[in-house]
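Listed below, chain by chain, are the residues.
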Amino acid sequence: MDLRMSVEDREEFLAGLHVGVLGLDDPRHGGGPLLVPLWYSYRPGGLVVIETGRKTLKARLIREAGRFSLCVQDETAPYRYVSVEGPVVSVEDPLPPAEREALAHRYLDADAASAYLAANHGQLADDILIRMRPQRWRTADFSAFAAEFDT
């Protein structure tokens, strides 16, 4: 059974509201991967956009590698996931305020987003914006598989 999503389905899923898990090779301590949950944005056919502090380990590893991976998933059955990896196409430093606000409003309602932005104004001033062009996709949608067991 082929569990892969169509191009349209995978892009729609990635554009949905999920917390992403950023994946980077980390050469420290034997080279195990660095995996970190974060907010992101994506529009079908576009670029994956993340933000992070300019002096964080994430930022350093992304700059060194010139690429990163992101995985998003449904945590309820039937399970689905999209994993995407690709090259960094731009780093904006400092993070444009409109991008910061858009990401906060993507994940939080209007009042909570405003409060979050006000409370974290100093920390967010240290953030950068990183854009990645999706190059390699891995996907699975277990809906059809699960349907075989629904009787």
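Residues numbered from 1 in each chain as written. Predicted model: local features only at pLDDT ≥ 70, side-chain atom pairs only at ≥ 80, totals over all residues. Heavy atoms only, no water.

Draft legend 1. Representation of the overall build of the protein. Looking only at helices and strands, the protein has 6 helices and 8 strands in total. In the protein, the succession of helices and strands from N to C terminus is α-β-β-β-β-α-β-β-α-α-α-β-β-α. Across its three principal directions, the C-alpha atoms of the protein cover 55 × 45 × 30 Å. Counting only residues that meet the buried cut, the protein has 36% of its 151 residues in that class. Nonlocal contacts in the protein, meaning residues at least 24 apart in sequence, comprise 72% of its contacts between residues at least 6 apart. (Helix = DSSP H or I, 4+ residues; strand = E, 2+ residues; numbered from the N terminus. Buried < 20%, exposed > 50% of the residue type's maximum accessible area, 1.4 Å probe, protein only. Contact = heavy atoms within 4.5 Å.)

Draft legend 2. How the structure looks around the pairing of strand β5 (residues 67–73). Judged by which residues are buried, β5 turns out to be one-sided: F68, L70 and V72 face inward and are buried, whereas R67, S69, C71 and Q73, on the alternate face, are not. Relative to β5, strand β1 (residues 20–25) runs antiparallel, the two sharing 3 bridges. Each bridged residue has a counterpart across the sheet, and for L22 the counterpart in β5 is L70. Bridging between β5 and strand β6 (residues 80–92) involves 7 bridges; their strand directions are antiparallel. Paired with L70 across the two strands is V84, which belongs to β6. Where β5 folds back on β6, the antiparallel hairpin that results is connected by 6 residues. (Pairing = 2+ DSSP bridges.)

Draft legend 3. Geometry of the nonpolar core. Counting 26 residues, the largest nonpolar core has L14, Y40, V48, I50, F68 and L70 as its most contacted members. Excluding its chain neighbours within four sequence positions, the residues that come into contact with I50 are L22, L38, W39, Y40, I62, F68, I128, L129 and I130. (Core = buried A, V, L, I, M, F, W, Y, C linked by side-chain atoms within 4.5 Å.)

Draft legend 4. Representation of helix α3 (residues 97–107) in the model. All buried positions along α3 are accounted for by R100, L103, A104 and Y107. Angularly, the buried residues of α3 cover 100° about the axis, an arc narrow enough to put them on a single face. Residues of α3 that are buried in the fold lie against β3 (40–41), β4 (48–53), α4 (110–119) and α5 (121–124). (Arc of directions from axis to C-beta.)

Draft legend 5. Summary view of the packing of aromatic side chains. Enumeration according to the criterion identifies 3 aromatic pairs in this entry. A ring pair is formed by W39 and Y107, whose centres lie 4.9 Å apart and whose planes are at 5°; its orientation type is stacked. Of the two residues, W39 is situated in the loop between β2 (33–38) and β3 and Y107 in helix α3; the sequence distance between them amounts to 68 residues. On the basis of relative accessible area, Y107 is assigned to the buried category, the value being 14%. Ring centres of W39 and Y116 lie 5.2 Å apart, and the angle between their planes is 50°; on these two criteria the pair is classed as tilted. Here W39, found in the loop between β2 and β3, pairs with Y116, found in helix α4; they are 77 residues apart in sequence, far enough to count as distant. On the basis of relative accessibility, which here comes to 25%, the residue Y116 falls in the partly exposed class. (Phe/Tyr/Trp six-rings, centres within 6.5 Å; stacked < 30°, edge-to-face > 60°.)

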